[in-house]
Amino acid sequence: MRFQFLSYLFAVILTTSVSAQSTKSSDSAEDPTNLTPYQRVSMYLGHSLFKANPIERQSEMLWGIKTVKPLLEISAEVEGDFEVEKLKQKMLSVLGERAVHIDNENGHLLLLRIRGVWDKNNTTLLYTYDLDLVDRVYVSRDGQIKSNYRSVWNVSNMGFAGKDVFENAMLINIESAIERFAISFYEQLDFDIISDTPRLAKQTYQKKRDGQEDILKLPAMQELAE
């Protein structure tokens with residue numbers, strides 16, 4: 001009788017232990033703390049994608065940009081008519097005067113393109129210019145995400161100038177275009193400074209990436225689950 005009781009007790013203990021291990025294993029598989037850093041970042045990006053707010057003003061496209069890489073591009077038709085180095089130096093000097101930091105290695109591309117054509121008498125230049133801030137843009141469609149480099153900020157104009165003043169006119173245009181960029185640049189920078197949003201967003205991202213907070217409990221993830 002005692003042997004039967006001991007056998008029954010051992011069987012109960014063994015069954016309970018196996019059940020507990022199975023439950024623990026199941027819980028561990030669903031435990032968000034076991035997610036890899038790659039999975040955490042992927043979930044954070046998915047959360048950000050679904051909760052992204054629309055852009056309300058052009059300067060918002062410059063959010064987070066701290067340095068630029070200036071580049072001058074002149075069409076072959078008029079490249080020989082300009083002192084290219086003089087135009088480049090004008091770009092650099094205006095950026096410096098407006099305290100826009102330059103980083104030729106890692107800065108965002110600030111591209112100035114100049115196009116033009118002379119009239120049949122070769123006395124008047126019809127020109128256009130574009131100043132673009134180029135960035136990598138992501139598009140989500142049908143469950144897939146694609147990316148490409150596109151202009152996210154732009155100012156452009158056109159005009160005409162005589163043979164004796166066309167280069168001076170372009171120098172004035174360069175200064176005007178970069179000043180407008182600087183206004184947007186500092187408008188967004190000022191907005192960042194007076195708002196806690198960028199700082200809090202960075203802290204939240206760090207916590208999700210490091211596993212200090214459960215991204216599955218974010219309101220956006222709960223909304224998607226519902």
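Residues numbered from 1 in each chain as written. Predicted model: local features only at pLDDT ≥ 70, side-chain atom pairs only at ≥ 80, totals over all residues. Heavy atoms only, no water.

Peer 1: Looking at this structure, I do not really get the pattern of salt bridges. What am I missing?
Peer 2: Any two side chains of opposite charge can pair, so long as their charged atoms come close to each other. Taken as a whole and assessed by the stated rule, the structure comprises six salt bridges. Among the ionic pairs, R113 bridges to D132, the shortest N-O distance being 2.9 Å. Of this pair, R113 sits in strand β2 (residues 108-118) while D132 sits in strand β3 (residues 124-141); the two residues are 19 residues apart in sequence, bridging distant segments of the chain. Salt bridges sharing common partners tie together K90, E97, R98, E175 and E179. (Salt bridge = Lys/Arg side-chain N within 4 Å of Asp/Glu carboxyl O. Helix = DSSP H or I, 4+ residues; strand = E, 2+ residues; numbered from the N terminus.)

Peer 1: Where do I start with the packing of aromatic side chains in this structure?
Peer 2: What describes a pair of aromatic rings is the distance from one ring centre to the other and the angle between the planes of the rings. Scanning all chains against the criterion turns up five aromatic pairs. Ring centres of W118 and F166 lie 5.2 Å apart, and the angle between their planes is 80 degrees; on these two criteria the pair is classed as edge-to-face. Taken together, the residues span a long stretch of sequence, with W118 in strand β2 and F166 in helix α5 (residues 166-194) at a distance of 48 residues. Judged on exposure class, the residue W118 and its partner F166 are both buried. Pairwise contacts between aromatic rings join W153, F181, F185 and Y186 into one cluster. Lying across the ring of W118, K163 places its NZ or CZ 4.6 Å from the centre. (Phe/Tyr/Trp six-rings, centres within 6.5 Å; stacked < 30°, edge-to-face > 60°. Buried < 20%, exposed > 50% of the residue type's maximum accessible area, 1.4 Å probe, protein only. Lys NZ or Arg CZ within 6 Å of the ring centre and 35° of its normal.)

Peer 1: Can you walk me through the nonpolar core in this structure?
Peer 2: A general trend in soluble globular proteins is that nonpolar side chains are found buried together. Ranked by internal contacts, the top residues of the largest apolar core, which has 35 residues, are F82, L87, L112, I114, L131, L133 and F181. Elements represented by at least two residues in this core include exactly β1 (68-74), α4 (84-97), β2, β3, β4 (144-162) and α5. Looking at this core element by element, the count peaks at 10 residues for α5. If near-sequence neighbours (up to four positions away) are discounted, L131 is found in contact with L110, L111, L112, W153, N154, V155, A177, I178 and F181. (Core = buried A, V, L, I, M, F, W, Y, C linked by side-chain atoms within 4.5 Å. Contact = heavy atoms within 4.5 Å.)

Peer 1: Explain the sheet that holds β1 here, please?
Peer 2: Strands belonging to one sheet form pairs held by backbone hydrogen bonds; the direction of such a pair is parallel or antiparallel. Taken in spatial order, the four strands of this open sheet run β1-β2-β3-β4, and their pairing is mixed. Only two strands of the sheet have a single partner each, and these edge strands are β1 and β4. Strand after strand, the sheet turns through a mean of 20 degrees between neighbouring axes, direction not considered. With seven bridges joining them, β1 and β2 adopt parallel strand pairing. The residue of β2 that forms the bridge with K69 is L109. Sheet strands touched by α4: β1 and β2. Its angle to β1, the strand with the most contacts, is close to 150 degrees. (Pairing = 2+ DSSP bridges. Axes fitted to C-alpha atoms, helices over the stretch in contact; angles between N-to-C directions.)

Bear in mind that shape data such as this cannot, by itself, settle questions of function.
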